[in-house]
Amino acid sequence: MIGSASNFLICEICGAKIETTASGDFGCMACWLRAGLDGTVPNEPETIPDSFGTYRINRHEDGTLWELGHGAMGVTYRAEDVSLRRRVALKLINSDFARHGGEARERFVREARAAAVLRHPNVATVYQFGLDEETGQCFCAIEFVEGETLEERVRRSGPLDVATVQEIARQIVSALVVAEKHQLVHRDLKPANVMIAADDQSGKEVVKIIDFGLAKALGETAEKRILTHGGFLGTPAFASPEQLRRAPVDARSDIYSLGATLWYLLTGQMPFGDAATREPPIEQLKTAHVPAGLISLLVSMLAPEPAARPGVKELSARLESLPRRRSHVTAFAAAGALVVLFVLAFYFHEFPARPKREILPLAKSIAVLPFENLGDEKGDTSFADGVQDELLTDLARISELKVVSRTSVMQYRGDQARNLREIGEQLGVAYIVEGAVQRSGNKVRVTAQLIDARSDLHRWAQTYDRPVDDVFAIQSEIAQRIAEQLHAKIAPHEKIAIEEQPTHDLEAFTLYTEAKLLLATTSLNPRGKRNLLQAAQLLAEAVARDPNFLLAWCLLANAHDSLYFLGLDRYQVRLSLGEMAVDTALRLQPDAGEAHLARARHLYQCYLAYEPALAELEIARRALPNNAGVFTLAGYIYRRQGKWDDSRREFENALALDPRNIYTLQQASRSYALLRRYNDAAIILDRALLVAPANIDLRIARAEIDLGWRADTRPLHALVSTILAKDPVAASEIAGASLFLALCERDRPATRRALATLGDGIFGPDAIQLRPLFWQGLAARASGDRVAAIRAFTAAREEQQRKVDAAPDFAPALSIVGLIDAGLGNKADAIREARRAIEMLPITRDAIDGAHLIENLATVYAWSGEPDLACDQLEAVTKIPGTLSYGQLRLSPLWDDLQGHPRFEKIVGSLAPEVSQ
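Please read these numbers as outputs of a predicted model, since none were measured by experiment.

A. Up close: a nonpolar patch on the surface. Taken together, the side chains of Tyr571, Val573, Leu577 and Met580 present a nonpolar region at the surface, about 330 Å² in accessible area. With respect to the element layout, Leu577 can be found in helix α21 (residues 572–588). Overall, the relative accessible area of 31% leaves Leu577 in the partly exposed class.

What follows is the structure in C-alpha cells.
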C-alpha cells in the first residue's frame, strides 16, 4: 500500500484511493482484504519460460508449474539448480517492480546481493539474485525449505502453546542479532515470512526466516512511485508505526513486527491494524493463558515509539530469562516418494497408551432417571426434564461420584413400571434417583427419592414446596443431600458451582432444554441441518432473554460449530457466530468447564486445531469429572489424528459414564468400520440395537455394514422396503441410504424416487456432502445418458462453485468441484482441483476427510481416462483406515470406469472378506 500525509492510502496494485477506518484498519477491498492474512495479491497470469539461468522450474504431472506461493512481490516456484543438482525456491519478481528502467533493476540486484551476505541457520539462504537478460525478469534463488509457514501452522493447528512460541522467538531473535551486525532490516517480518521445518540432522523443528532484505530491494526499484505518493512496502497488520508514516527504520522495526507475529501465534489474532492509535488488547493474551512476564515483553516490543522498544540484544536476554516450558510441537512428516510409507507408519504405530478413566466404586455410583411431570400446562414436560437435567448436572460436578449421563437415563422416560434392579444393572450403578415435578402458577412441588437399586430400598426422600423461582435452589439442596447420603465429599469449588443458578429466567431455561434435546438426538442425516438450525434459533432466543446464561451460550456455540464443521452451512458468518458464542461464555465465566469444553469443540470443529483443543479438554475434564462429552470429543480428535487406540479408549471412557448412549455406540462402531474390522463394528451396533431396536439410523448403519463388508445389498434392501411399507413418511429420513442402495443395485426407478425424496437435501460421507444435482449426474452417467449427465453436472458445478467462493479454504468443497469437472470432461481442471484439495487438507492433518479426498482424486483420475493413476491412489487409500470398502468398489457406479482393469481387480480382491466370514 502507498500512503499519503492525509487520511487515505493509494493501493499500489490497482491505484484505488482507500480511506482509513475509525479503528485504524485499512485495505483495498479489491486487492488487500481478499488476499487474506499476508496482504498479498497474486500476479496476473502470464507466460513465463521454464528456465532462468541454471534454474529449471518443476512441473506437476498435469504439466502445470509447481507453484509454492505468491504475493505482491512475486510468485515462487519449486525449481532445480541443474548445475549443482539441488532443489531451490525460485522467486520471480513481480514485473511491476522491474518496469522502472535499467537503473532501477541494477539497484535491485545491488541491494539484493547486499542482503544475500546474511548467513544464519534461522534464515533461508539466498543463493543468487539475477536478471534474465532476454526477458528482463528479476529473480532470486533461495534455499528450499520443506515445511510450512507460521501462518499456515496457526491456521492448521490454532494458537500455539507458550513454550513453542518462546522457542520460535529465540530462534528468530538469534537471526536478528546477526542481521543487525550486517546493518540489515527485514522490513516485512510476519507469520507468512517465517517457515518451520524439520532439521535434517536432529529431526527437531527449526525456524527459517524467508525474504530477508527483499522488501528493501523491491522498495528501491519502486523509488519513483514512492517519492510521488509516499508510503511503504509491507503488510500493515505487522508493520511498525514508523513504516506506515514513511519514517527511517532500523532493527527496532523488525522487533515491532516480531511482537505482532508472536501475538498472532499465541492468540490467533492480530493485535491491531495501527499501533500508533491503540493500546495493545492484553485481554487477548490473558485469555490465551500467556504468563505475565511474556505479556510484559510483548507490550514493550509493540511500543509505538522505536526508542521504547528493546534492542535485539536486550530482547534476546529477556527471552532467555523467561521460565522455560515444555513444548507441544510435533515433528514434521517426510514428503514425496515416502508419503505412502509414512501414512502406514502413522496409522499403525504403537502410540503411548492413555489411561482408562478410573471407575469409582459401585457404592458411589448413581443415575438420575427422568422426573415425572404432574403438571398440565404446555411446556411442563420440558420444565420437568430441565429440573431432572439440572439435578444430574449438579451431581455430576462432584468428583467422588460416578454419575450416568443424561442420554442414557432419558431412555427410561415415560416408563411407569420401572424395574430399578434391572435398570441399575443396565447402567452399572448402585443408586437411582426418581422424582416428580408439579408446577402450578408461581408455585412448584418437587419430590425426590434416593433408592438402592441392589436392594430396592429407599435411602432418602424429600418433598419441596417452593415458589417456582426457587427451583434451582431445590436442585442444589437435593444434590447436596444425596451426596451426604452416599458419603461423597464435595470440594469447595464444586459446592460453589452446584449452588450457582444457571439462569434467572425460567422461559430461557425451557428454551435451552428443548434445544438440548434436539442436539442430543441429531446425527448426520437429511434432517440434521433442520434440527441444528432449530436448536440454534431456540438458544438465540434463550440468550436474548438472559444474556448471562452461560450454558445456553455454550450450547449455541455447539449448534453453530456443528453446522460449519459438517459443511451444512460453511460460511464465515456461521464461524463468526460460533466464535462469538464461545468468547461470550469464556467472558462470563473464564473458569467454567462448560466454557472450555465449548472452546475445545470450536477449535476442533472449525480449525482442526487438535492440540489446543485437547489442552482445553484437560481444563474441562477437571471441572466436569462426569461429563461423557469431554471423553467423546477427545475420541473424535484422536480419531482425526489417526490415533486409533487413544480414540477407542476415550470412547470406552465415555461409555462408562453413558453406557446406553446409542450415538456414542454408533461412533465406536464406526471406528472399527474405518479400520475395516467389520465384525467388531457389527457387534457394537447390535449392542446399540438392544437399547433402541426401533432406531432407524442404527438399523441403516447395521445393514450398511454388510454392504461394505460383503458387497451384499440384501439386508439394506429388505430394511428399506420394510421401513417404507410400515411408515412411508420415514422416506425422508432414509433418502440417502435409499439413493446409495438404488445406485449400487442399478435400479433406475428407485434412483429417481430416492432423488425426489431427497429434495434439496444433501448426502455423502463426512464433509463430502453432495447435493442432488451431483447424484443426478452420476445416475445419468452410470446409465449412459451423457446429455443428461452433462446437464446435471453443469448445474451442479455452478452451485458448488458458489460454495467454494464462500469458503475458499474448505478443501472438501474444492474436491467436489474436481469430481464435477471430471464428470464434465474438464480433465486438467479436475485433476488440479482434486490435487489442490489434498494439499490443503492432507491425511496427516485429518485422517478421515483426508482419506476421502484421496478417494475423490482416484475417482477423478478414473473418470479422466487415467486408470493407473487412479489405482495408485486406491492402493494408498485402501492400506489405511477409511470408508472405502470392498462393497463400494464392487458396486458403486463411481468405479465403473475401472471395472475389469487388472490392478483395480487386485485392489478389490485385497478387501474381499474371507470365505469363513
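On we go.
B. Summary view of the pattern of salt bridges. Summed over the entire model, instances satisfying the criterion amount to 53 salt bridges. With a closest N to O distance of 3.9 Å, Glu314 and Arg318 form a salt bridge. Pair noted here: Glu314 and Arg318 are both in helix α11 (residues 312–321), with a separation of four residues, about one helical turn. Residue classification places Glu314 among the partly exposed residues on the basis of a relative accessible area of 44%. One salt bridge in this structure joins Asp389 and Lys516, with 2.7 Å as the shortest N-O distance. Here Asp389 is found in helix α13 (residues 380–396), whereas its partner Lys516 is found in helix α18 (residues 506–520), with 127 residues between them in sequence. According to the relative accessible area criterion, Asp389 is buried, its value standing at 5%. A residue is classified by how much of its surface remains accessible, and Lys516, at 21% relative accessible area, is partly exposed. What you see here is one network of salt bridges that share partners, running through Arg797, Asp821, Asp829, Arg832 and Glu833.

C. Main features of the packing of helix α23 (residues 610–623) against helix α24 (residues 628–640). At a minimum axis separation of 10 Å, α23 and α24 run at an interaxial angle of 160°. With respect to α24, the axis of α23 lies roughly antiparallel. Viewed along their axes, α23 and α24 form a crossing whose handedness is left-handed. In contact with Tyr610, Ala613, Leu614, Leu617, Ala620 and Arg621 of α23, α24 contributes Val630, Phe631, Leu633, Ala634, Ile637, Tyr638 and Arg640.

D. Here's a closer look at the pairing of strand β18 (residues 443–452). As defined by bridge partners, strand β17 (residues 431–440) adjoins β18 across 10 bridges and the pair is classed as antiparallel. Pairing of Arg439 across the sheet is with Val444, part of β18. Here β17 hands over to β18 after two residues, with Gly441 in that stretch at a positive phi of 60°. Turn length for the β18-strand β19 (residues 457–467) hairpin, with the two strands adjacent in sequence and antiparallel, is four residues, and the turn residue Asp456 shows positive phi of about 65°.

E. Just the nonpolar core, in detail. Ranked by size, the top nonpolar core spans 109 residues in total, and within it Leu617, Phe774, Trp775, Leu874 and Leu889 carry the most contacts. Examining the composition of this core, we find that nine residues originate from one element, helix α36 (residues 849–863), more than from any other. With residues up to four places along the chain from it excluded, the contact list for Leu889 reads Leu874, Thr878, Leu884, Trp895, Gln899, Phe904, Ile907, Val908 and Leu911. Phe383, Ile423, Ile432 and Ile478 belong to the second-largest nonpolar core, a separate cluster that totals 81 residues.

F. Main features of the packing of α24 against helix α26 (residues 662–674). For the pair α24 and α26, the least separation of the axes is 12 Å and the interaxial angle reads 15°. Our classification of the angle between α24 and α26 gives roughly parallel. The chirality of how α24 crosses α26 is left-handed. Counting all contacts with α24, which are made through Thr632, Tyr636 and Arg639, the residues of α26 involved are Tyr663, Thr664, Gln667, Arg670, Ser671 and Leu674. Split into classes, the residues belonging to the contact of α24 with α26 amount to three nonpolar, four polar and two charged.

G. A look at the environment of Ala303. Counting through the fold element by element, Ala303 comes out in the loop between α10 (292–301) and α11. In the structure, Ala303 is positioned 51 residues away from Arg252 in sequence and 10.0 Å away in space, judged by C-alpha atoms. If we skip the residues at most four places from it in the chain, Ala303 touches Tyr256, Ala308 and Arg309.

H. Structural view of the side chain of Glu616. Looking at the secondary structure, you find Glu616 in helix α23. Those residues in contact with Glu616 that sit more than four places away from it in its chain are His596, Arg599, Ala600 and Leu603.

I. Representation of the environment of Ser476 within the structure. Following the sequence through the fold, Ser476 ends up in helix α16 (residues 471–485). Once residues lying within four places of it in the same chain are set aside, the contact partners of Ser476 are Asp394, Ile498 and Glu499.

J. Examining the sheet that holds strand β12 (residues 194–198) more closely. As summarised here, the arrangement of the three strands in space is β11-β12-β13, forming an open sheet in which the pairing is antiparallel. Looking at the sheet topology across the chains shown, the edges are occupied by β11 (147–149) and β13 (205–209). Here the strands of the sheet are splayed against their neighbours by 25° on average, with no regard to which way each runs. The sheet contact formed by β11 and β12 spans three bridges and is antiparallel. Of the residues in β12, the one forming a bridge with Glu148 is Ile196. Relative to β11, helix α3 (residues 150–157) is tilted by about 90°, and along the sheet it contacts β11, β12 and β13. Sheet strands touched by helix α4 (residues 162–181): β12 and β13. Its angle to β13, the strand with the most contacts, is close to 45°.

What counts and what doesn't
Residues numbered from 1 in each chain as written. Predicted model: local features only at pLDDT ≥ 70, side-chain atom pairs only at ≥ 80, totals over all residues. Heavy atoms only, no water. Patch = residues over 30% accessible without salt bridge, like charges linked within 9 Å, V, L, I, M, F, W, Y side chains within 5 Å. Areas by Shrake-Rupley, 256 points an atom, 1.4 Å probe, with all protein chains shown as cover. Salt bridge = Lys/Arg side-chain N within 4 Å of Asp/Glu carboxyl O. Helix = DSSP H or I, 4+ residues; strand = E, 2+ residues; numbered from the N terminus. Buried < 20%, exposed > 50% of the residue type's maximum accessible area, 1.4 Å probe, protein only. Axes fitted to C-alpha atoms, helices over the stretch in contact; angles between N-to-C directions. Parallel < 35°, antiparallel > 145°, perpendicular 65-115°, else oblique. Left-handed = near helix turned anticlockwise from the far one by under 90°. Contact = heavy atoms within 4.5 Å. Pairing = 2+ DSSP bridges. Core = buried A, V, L, I, M, F, W, Y, C linked by side-chain atoms within 4.5 Å. Nonpolar A, V, L, I, M, F, W, Y, C, P; charged D, E, K, R; others polar.

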